[in-house]
Amino acid sequence: MSYKVTLQPSAHVFEVPEGQSVLQAGLDAGFMMPYSCRTGVCRTCRGTIKEGRVDYGMVHPTYLPDTDKAKGYALLCQAKPLSDLVVEVRELEGLAGIRPRMIPCRVEKLDKPAPDVAVMGLRLPMNENFRFLAGQYVDILLKDGKRRSYSIANAPRPEGVTYLELHVRHTPGGLFTDHVFGKAKVRDILRFEGPLATFYLREDSDKPVVMVASGTGFAPLKAMCESALEKGLKRPISLYWGCRARRDLYMLEHAMGFERPGLKVIPVLSDPTAECRWAGRTGFVHRAVMEDFPDMSGVQVYACGAPVMVDAARQDFSVRCSLPAEEFFADSFLTEADRMPAS
């Protein structure tokens, strides 16, 4: 059987077939509900169950503790209705006409600017005119139904694009990354689904923007900065990029090229060695942000990278710097190990 879900405050209504999540049914019905990882980890899709009951799904207590359940919270990518529901969730604007599709592509570029980072260029069919928002990602489709997610690192065009840039970090033992760093070559054929997620620069605000990245979390923020510059920078942007050592800042010169009045780039190294010859900022990248923005009540934050960085930024920015929870937007880069946290 199916259950009816009513979204608040929009009053949108849709049916959820048996066995399907609230999020997937809502997306299938055409409603732009926030989401990112779709595995119950990033918490982007969190909503409040105002009426009705749900099966919370296979969500680890780290990401949905009992205290959150007691407040009515659920992660909608995992939650399945056990009755008709009324769900409070902030729907999004700006995604009209942008829907994920499965598309073939050809590897056109495969550079390795760091020992464990590949910049992969994908050429799409010339008639595709692929449309997306800066910050969204695609799923590379592998054998046996497996997928691997990578943010789009180039800026979109209003008319669409036929080329995508992805930044791939090597995870030893990783099904796809071992292939990229071992056997992949230019002209290989791949398939992907996208664009996916609701991580993009909101344009209904005039608040200054703080971007914080770790590692290849730089990729979607690169796309956001390039897009903002192409449109004509309207809001101040401060981009913080944190890595362990200098070599991990694999596209630093390109990033520093963003700098101009209204856009600052602040690289931060957490573990520089003498070999780095580093005279810049050091320490954890989110703490560098806090040093510069002790009061974040009037800014908007976009964070992307390792879950430990994103979670620390979410917590500390809110508790210690007065950042409103609704002004924190994030995309966690999850490995398969991250998706299955230890109990």
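Rules of the game
- Residues numbered from 1 in each chain as written.
- Predicted model: local features only at pLDDT ≥ 70, side-chain atom pairs only at ≥ 80, totals over all residues.
- Heavy atoms only, no water.
- Helix = DSSP H or I, 4+ residues; strand = E, 2+ residues; numbered from the N terminus.
- Rg over C-alpha atoms; globule rule 2.2 N^0.38 Å.
- Buried < 20%, exposed > 50% of the residue type's maximum accessible area, 1.4 Å probe, protein only.
- Salt bridge = Lys/Arg side-chain N within 4 Å of Asp/Glu carboxyl O.
- Pairing = 2+ DSSP bridges.
- Axes fitted to C-alpha atoms, helices over the stretch in contact; angles between N-to-C directions.
- Arc of directions from axis to C-beta.
- Contact = heavy atoms within 4.5 Å.
- Phe/Tyr/Trp six-rings, centres within 6.5 Å; stacked < 30°, edge-to-face > 60°.
- Polar contact = N/O pair within 3.5 Å; in protein donor to acceptor, adjacent residues only side chain to side chain.

**Student:** When you look at the overall build of the protein in this model, what are you seeing that I'm missing?
**Tutor:** A count of helical and extended segments in the protein gives seven helices and 19 strands. Expected size for 343 residues packed as a compact globule is a radius of gyration near 20 Å; at 20 Å, the protein falls within 12% of this value. A principal-axis box enclosing the C-alpha atoms of the protein has dimensions of 60 × 50 × 45 Å. A burial count over the protein gives 52% of its 343 residues as buried.

**Student:** Explain the pattern of salt bridges here, please?
**Tutor:** Between side chains of opposite charge, a pair can form when the charged atoms approach closely. All told, the structure shown has 18 salt bridges when counted by the stated rule. Measuring nitrogen to oxygen at the nearest pair gives 3.0 Å for the salt bridge that ties arginine 123 to glutamate 108. Here arginine 123, found in strand 9 (residues 117-123), pairs with glutamate 108, found in strand 8 (residues 101-114); they are 15 residues apart in sequence, far enough to count as distant. A relative accessible area of 39% means that glutamate 108 is categorised as partly exposed. One connected set of salt bridges, linked through shared partners, spans Arg38, Asp139, Arg147 and Glu193.

**Student:** It is not clear to me how the pairing of strand 16 (residues 263-269) should be interpreted in this structure. Could you clarify?
**Tutor:** Consecutive side chains of a regular strand alternate in pointing toward one face of the sheet and then the other. Most of strand 16 sits inside the fold, with six of its seven residues counted as buried. Alignment of strand 15 (residues 237-243) against strand 16, held across seven bridges, turns out to be parallel. Looking across to strand 16, one finds that tyrosine 240 is bridged to isoleucine 266. In the sheet, strand 16 pairs with strand 17 (residues 281-282) via two bridges, with the strands oriented parallel. Note that in strand 17 the partner of valine 268 across the bridge is arginine 281.

**Student:** Can you help me understand the sheet that holds strand 11 (residues 147-151) in this one?
**Tutor:** Two orientations exist for strands paired in a sheet by backbone hydrogen bonds: parallel and antiparallel. Strand order in the open sheet made by the six strands is 11-10-13-8-9-12, with antiparallel pairing throughout. With partners counted over all chains shown, the strands left at the sheet margins are strand 11 and strand 12 (163-169), one partner each. Each strand of the sheet is rotated relative to its neighbour by a mean of 40°, with strand direction disregarded. Bridge count between strand 10 (residues 137-141) and strand 13 (residues 189-196): three bridges; the pairing is antiparallel. Considered in strand 13, the bridge of aspartate 139 is made with glutamate 193.

**Student:** Mind showing me how you'd approach helix 3 (residues 175-182) here?
**Tutor:** At 3.6 residues per turn, the α-helix brings residues three or four places apart onto the same side. Three or more residues of helix 3 are buried, namely Phe176, Thr177, Val180 and Phe181. Across the axial projection of helix 3, the buried residues extend over an arc of 120°, all falling on one side. Close packing links the buried residues of helix 3 with strand 8, strand 9, strand 10, strand 11 and strand 12.

**Student:** How should I be thinking about the packing of aromatic side chains in this particular structure?
**Tutor:** Here a ring pair, both rings aromatic, is described through the centre-centre distance and the interplanar angle of the planes. Applying the stated criterion across every chain, the model contains ten aromatic pairs. Taken together, a centroid distance of 5.6 Å and an interplanar angle of 85° make the contact between phenylalanine 130 and phenylalanine 192 edge-to-face. Here phenylalanine 130 is found in the loop between strand 9 and strand 10, whereas its partner phenylalanine 192 is found in strand 13, with 62 residues between them in sequence. The class for phenylalanine 130 is buried, based on a relative accessible area of 1%. Three or more aromatic residues link up through ring pairs in this structure, and these residues are Phe130, Phe132 and Phe192.

**Student:** Just checking my understanding: could you explain the side chain of serine 83 for this structure?
**Tutor:** Considering the arrangement of structural elements, one finds serine 83 in the loop between strand 6 (80-81) and strand 7 (85-88). Polar side-chain contacts of serine 83 include one of 2.9 Å to the backbone nitrogen of arginine 53. Setting aside residues up to four positions removed in sequence, serine 83 forms contacts with Tyr3, Gly52 and Arg53.

**Student:** Looking at this structure, I do not really get the sheet that holds strand 5 (residues 73-75). What am I missing?
**Tutor:** Reading across from one edge, 2-1-7-3-5 is the order of the five strands in this open sheet, with mixed pairing throughout. The two strands at the open ends of the sheet, each matched to only one other strand, are strand 2 (13-16) and strand 5. Averaged over all adjacent pairs, the angle separating strand axes in this sheet is 40°, with direction ignored.

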